[in-house]
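Reading the structure
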Amino acid sequence: MSRNGLFLGGILAAIVLIVSLFSFYTVNPREQVLLLQFGAPQKLVTEPGLHVKVPFLQQVQFIPKTLLNLDAPAEEVIAQDKKRMVVDAFARWKIVDPLRFYQSLYDVTTATTRLTPILSSDVRRVLGSQTFAAMLSGKRAALMVEIRDEINRDADGYGIKIVDVRIRRADLPPQNSLAIYRRMQQERTREANEFRAEGEEISQRVKARAEREVTVLTAEATRESEILRGQGDAEKTKVLAAAYGQDADFFAFYRSLQAYQDALPGDNTTLVLSPTGEFFRYFEAPARK
């Protein structure tokens with residue numbers, strides 16, 4: 001074979017190799033391929049494996065089947081109660097209509113650029129209609145579902161579907177956190193002072209009621225004691241009168257003994273009295289008859 005023949009054979013082999021390279025493509029199980037001809041969609045290939053296309057005339061556009069992430073930058077949202085909060089949210093989405101997706105968004109990079117402002121706008125709109133407390137309550141899950149539905153309505157016609165929306169963080173801005181903490185502290189201090197004042201008022205009422213009841217009970221007890229003492233004195237007088245009526249001399253002797261006991265309580269009592277006085281008349285020897 002001549003040198004020219006070898007050269008032509010090499011060129012032909014190179015052409016065949018190049019044509020072969022541009023005639024086959026591989027579809028990954030996590031992807032699907034939109035076959036294009038001069039930029040116009042011709043066929044959607046979803047089966048994984050090796051496939052054939054017309055070289056140089058047809059191109060392939062790989063479109064993912066898996067879930068994709070959409071991150072929105074953290075931004076400040078004004079809640080319904082005028083409180084500012086910093087919200088960091090993200091979404092998970094997938095392509096459900098490859099042809100419409102290609103015609104409206106072309107690729108994932110363009111889709112991310114178009115969908116990010118929609119996510120941010122719907123987050124601000126939905127959360128702005130709620131109070132800050134709602135974001136910290138069990139209503140938070142329902143708000144994320146509402147944001148997801150809003151994005152799906154706004155992105156209708158793009159051939160995509162927002163599967164889920166999550167809020168990573170919803171906090172007060174640093175400059176507001178300290179002020180709100182101070183207001184909360186002042187509010188708790190005010191409530192504590194009110195509770196202390198109410199407790200002091202209740203304590204004073206209880207003490208006054210107790211003192212009034214003590215005064216009433218003491219007065220009633222004093223009255224009862226005076227009545228009993230009077231009744232005892234009357235009974236005592238009655239008994240003494242009866243005793244005096246039975247034996248006057250013995251009664252006088254008994255009364256004198258009580259007087260001696262009261263006047264001479266100890267062993268060292270000293271009295272200066274006349275021995276012939278009436279007080280000591282029972283100390284004298286009785287006169288013999």
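For the structure itself, consult the block above.
This write-up is about the structure you can find in this document. Everything numeric in this text was worked out from a predicted model, so none of it was measured. (Residues numbered from 1 in each chain as written. Predicted model: local features only at pLDDT ≥ 70, side-chain atom pairs only at ≥ 80, totals over all residues. Heavy atoms only, no water.)

The next thing to look at is the overall build of the protein. Helix and strand counts for the protein come out as seven helices and nine strands. For the protein, buried positions account for 23% of its 289 residues. Pairs at least 24 residues apart make up 63% of the contacts formed inside the protein by residues separated by at least 6 positions. Only carbon and sulfur atoms are counted for the fraction: they give 57% of the accessible area of the protein, which is about 20200 Å². (Helix = DSSP H or I, 4+ residues; strand = E, 2+ residues; numbered from the N terminus. Buried < 20%, exposed > 50% of the residue type's maximum accessible area, 1.4 Å probe, protein only. Contact = heavy atoms within 4.5 Å. Areas by Shrake-Rupley, 256 points an atom, 1.4 Å probe, with all protein chains shown as cover.)

The strand order across the open sheet built from three strands is E3-E2-E5, with neighbouring strands paired in antiparallel fashion. Either end of the sheet is taken by a strand with one partner, and the two such strands are strand E3 (40–45) and strand E5 (58–64). Between one strand axis and the next, the sheet turns through 30 degrees on average, direction left out of account. Pairing analysis gives five bridges linking strand E2 (residues 31–37) to E3, with the strands arranged antiparallel. By the bridge assignment for E3, leucine 36 is matched with proline 41. (Pairing = 2+ DSSP bridges. Axes fitted to C-alpha atoms, helices over the stretch in contact; angles between N-to-C directions.)

A complete count under the given rule lists two aromatic pairs for this structure. An angle of 40 degrees between the planes, with centres 6.3 Å apart, marks the rings of tryptophan 93 and phenylalanine 101 as tilted. Its relative accessible area of 0% is what places tryptophan 93 among the buried residues. Classification of phenylalanine 101 as buried rests on a relative accessible area of 1%. (Phe/Tyr/Trp six-rings, centres within 6.5 Å; stacked < 30°, edge-to-face > 60°.)

Attention now moves to the side chain of threonine 116. Along the chain, threonine 116 turns up in helix H3 (residues 108–128). When its relative accessible area of 17% is taken as the criterion, threonine 116 is described as buried. Within the local environment of threonine 116, its side chain forms a polar contact with the backbone oxygen of threonine 112, the two atoms lying 2.7 Å apart. Not counting residues within four places of it along the chain, the set of residues in contact with threonine 116 comprises Leu70, Asp71, Ala72 and Pro73. (Polar contact = N/O pair within 3.5 Å; in protein donor to acceptor, adjacent residues only side chain to side chain.)

Moving on, we get to a nonpolar patch on the surface. Together, Phe250, Phe253, Tyr254 and Leu257 give the surface a local cluster of nonpolar side chains, amounting to about 380 Å² of exposed area. If you trace the backbone, tyrosine 254 turns up in helix H7 (residues 248–263). For tyrosine 254, a relative accessible area of 38% corresponds to the partly exposed category. (Patch = residues over 30% accessible without salt bridge, like charges linked within 9 Å, V, L, I, M, F, W, Y side chains within 5 Å. Salt bridge = Lys/Arg side-chain N within 4 Å of Asp/Glu carboxyl O.)

As a further point, take the pattern of salt bridges. Within the structure shown, the criterion is met by 15 salt bridges. Between glutamate 187 and arginine 190 there is a salt bridge, with the nearest N and O atoms lying 2.2 Å from each other. In this pair, glutamate 187 and arginine 190 are both assigned in helix H6 (residues 174–246), three residues apart and thus about one turn of the helix distant. Residue classification places arginine 190 among the partly exposed positions, given a relative accessible area of 39%. Sharing partners across several salt bridges, the network here consists of Asp122, Arg125, Glu150, Arg153 and Asp154.

Okay, the nonpolar core next. The nonpolar side chains of a soluble globular protein tend to be buried with one another. Within the largest apolar cluster, 37 residues are counted, with the highest numbers of intra-cluster contacts made by Trp93, Leu115, Leu119, Leu127, Ile147, Ile160 and Ile167. Elements with a contribution of two residues or more to this core: E2, strand E6 (68–71), strand E8 (84–95), helix H2 (98–104), H3, helix H4 (132–135), helix H5 (140–154) and strand E9 (160–171). The leading source of residues in this core is H3, at seven residues. Counting residues in each nonpolar core, the second largest holds five residues, with Tyr25, Val33, Leu35 and Val45 among its members. (Core = buried A, V, L, I, M, F, W, Y, C linked by side-chain atoms within 4.5 Å.)

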